[in-house]
Every structure is written in C-alpha cells, then in structure tokens.
Amino acid sequence: MFGSLYSSRQATANGKFPCNASTLVLCLGYSRGRGEMSDEREKPAGSPKANAGKPQTVGASAHNDAVPEDVVTPIDGEIDLARLAPQLRGLYQELLNEPIPDRFTKLLDELARKETGKQ
Amino acid sequence: MSAPSAALREALVQAIPSLRAFAISLSRDRNEADDLVQETLIRAWNSLGDFQEGTNFKAWLFTILRNNFYNGLRKLKHQTEYAKSMDNSHFVEQASQEKKLEFEDVIRGLGVLPPDQREALILVTVENMSYEEVATICGCPIGTVKSRVNRARARLEAHLEGGPSSN
C-alpha cells in the first residue's frame, strides 16, 4: 500500500511539488482554526523579555488524545521518517528558496544603525 | 555598521527562510508568520546577551519565535474567538492535476495535526534537527518529542492511506 502510495506522491523531477508557498499556507489553515490550538492548559507566561530564548511548555495535544503524551509508551529506537521526510522537505522547499522580503533586511539595517548610534 | 552588528545581521539573515517556514507551520497564515519573524528578529537582536555561546543559534531563534507565537495566542484567546474557514476552491482550482491533488493531500494531513505534533515533525524532518534540539526549543523531554513525532507520523500516514487517524 505504502509503496504505490508514496511512489505516486513524490516530488516532480526538479524536486519541487506542483504547489506554491501560498497554497501551503492555505492548506495548513484549512482544517482547524486557531481557537483549537492545543495549549488549552497553558499557564500565563512571564515577561516576554525575560523569557527570550527560553522555551515555554505547551500542554499535551488537544485533539482528543486519550492518553497524555508524557505517559505514552516510550519510543525505542529510531522513528521511520524515510517516507514522510522527503515529502515534507519538498513541501517547504519553495518557501525556503523564496527571496528574503525587503522588510526584514531593512529592519535589520535599522537595528544595526541604532546599535551603531548607541556606541 | 560595527563588526558584531554585521555578524549578527548576517546570521539573522541566513536564518530568515527557516524562521518563515517554521512560523507558517505554526500560524498557518502567511502575513502573521512574517509578523512573527519580524518580532523574533527584533527580540533576538535586543536579547543577544541571553544567548549562550556554544549553543545552537538557530534553535535559540526558533525558541523565541515559538514563544512569541504562543504568547500571541494567549492574548488572542482573551480577545475574540478566532476561527478560519477556508474554502476548498482556493487551492483545488486545478484539481484535475494528479500531482497537485496528491500534494494537497499531504498538506491537508499536516493541517489536521495538533500544533505540538506538527511543529515537532517539521523541525525534525524539514529542519533536520535532532530530537534533543527540538526538546530544547519546545521545552519538553526528548521522549515527549519522540512521542509527538511518532504520533504525527502515524496520523499523517493514516491520512495519506485514507484511513482513520490515530492520536
């Protein structure tokens, strides 16, 4: 089943899927709204500045998980991602290859100018 | 521009494509994803003193972006109920193309994953991060990351096979 399934779902010859990054966003947003995010049990975080770069924990998956994920049977050994990984990389490849929007380079230039001005 | 500023700028510029991809996988909205990236760049620039040298700079950036996202989500939950209802026609306009249908099937499968599973799967597969790095970013044990990735894999494969998705 997987053999035919995955062989027919491979990227095109140039390694890209016939879809653009906008489609990826639309499709990811298709099924669920943000109100259904799985952080229902999250506690308020502290100061964002104080938390910069420090991870915040997110509760176990909503989506009707019957067993809290932290007590599920431990996963021994490697998880076989050989089939999915190429597909997922293909999905994101176009996005990763997009030119960097000017807004970001201008922002960094501005931050650098301010930094220089302080010194 | 001073040398440290130039080096930081370059490091941030190099990370932007990955940050955008990760932001989209979290927010599922292109504009919001770019706003998240912008906030992340500013916060990273202003909080560089918090970065521990010798650790993974990219993972540190991902952690900041993820924190921004979940902080924003908390605020949103106190404001208004937000729900998106996307029309299929936006992305199946050329549904006759087999490849496109297959491709969309994969990303629909991604869309039904819980965010914590999706982010773990994307970081491991697309960003090629180790379970340990993902655990650092998500602030959870490595075993939890592996559990999330395994669940995501099972769900996505079940989706692609057309069967019921397990948790």
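Below you will find a few notes about this structure. (Residues numbered from 1 in each chain as written. Chains lettered and ligands numbered in written order. Predicted model: local features only at pLDDT ≥ 70, side-chain atom pairs only at ≥ 80, totals over all residues.)

## What to know about the environment of L84 of chain A
Part 1 of the argument: Summarising the element assignment, L84 of chain A is placed in helix α3 (residues 84-97).
Part 2 of the argument: Not counting chain neighbours up to four residues away, the residues in contact with L84 of chain A comprise T125, R153, L156 and E157 of chain B. (Helix = DSSP H or I, 4+ residues; strand = E, 2+ residues; numbered from the N terminus. Contact = placed C-beta atoms within 7 Å.)

## Considering the nonpolar core
The tendency in soluble globular proteins is for nonpolar side chains to be buried as a group.
Part 1 of the argument: A23, L65, A120 and V134 of chain B are the most contacted members of the largest nonpolar core, which totals 50 residues.
Part 2 of the argument: Elements that contribute at least two residues to this core include exactly α3 of chain A together with α1 (3-27), α2 (30-46), α3 (57-79), α4 (98-111), α5 (115-125), α6 (131-138) and α7 (142-161) of chain B.
Part 3 of the argument: Sorting elements by how many residues they give to this core places α1 of chain B first, with 10 residues.
Part 4 of the argument: Split by domain, the residues of this core number at least three in each of domain 1 (1-84) and domain 2 (86-167) of chain B.
Part 5 of the argument: Among all residues touching L65 of chain B, those that are not within four sequence positions of it are L19, F22, A23, L36, V37 and T40 of chain B. (Core = buried A, V, L, I, M, F, W, Y, C linked by C-beta atoms within 7 Å. Buried ≥ 20, exposed ≤ 12 C-beta atoms within 10 Å, placed from the backbone. Domains from an automatic or database assignment.)

## Looking at unusual backbone geometry
All names here are of chain B.
Part 1 of the argument: Positive phi is not limited to glycine here, since N128 has a value of about 55°.
Part 2 of the argument: Topologically, N128 is positioned in the loop between α5 and α6.
Part 3 of the argument: Under the C-beta neighbour-count criterion, N128 is labelled exposed, with 10 such atoms within 10 Å.

## Focus on α3 of chain A
Since the α-helix turns once every 3.6 residues, residues separated by three or four places project in the same direction.
Residues and elements named next belong to chain A.
Part 1 of the argument: When the terminal C-alpha atoms of α3 are compared, their 20 Å separation across 14 residues agrees well with the 20 Å that a helix rising 1.5 Å per residue should span.
Part 2 of the argument: Of all the bends in α3, the largest measures some 35° and sits at L91.
Part 3 of the argument: Of all the positions in α3, only L84, Q87, L88, G90, L91, Y92 and L95 are classed as buried. (Expected span 1.5 Å × (residues − 1). Bend = angle between axes of the 7 residues up to and from the residue.)

## So, the packing of α5 of chain B against α7 of chain B
Residue and element names in this part refer to chain B.
Part 1 of the argument: Put simply, α5 and α7 touch, their axes get as near as 8 Å, and they point 95° apart. Between α5 and α7, the angle is such that the two are roughly perpendicular. Facing D116, Q117, R118, A120, L121 and V124 of α5, the residues of α7 in contact are V145, R148, V149, R151, A152 and R153.
Part 2 of the argument: In the contact of α5 with α7, the residues fall into six nonpolar, one polar and five charged. (Axes fitted to C-alpha atoms, helices over the stretch in contact; angles between N-to-C directions. Parallel < 35°, antiparallel > 145°, perpendicular 65-115°, else oblique. Nonpolar A, V, L, I, M, F, W, Y, C, P; charged D, E, K, R; others polar.)

The values reported here are purely geometric and, on their own, carry no functional implication.
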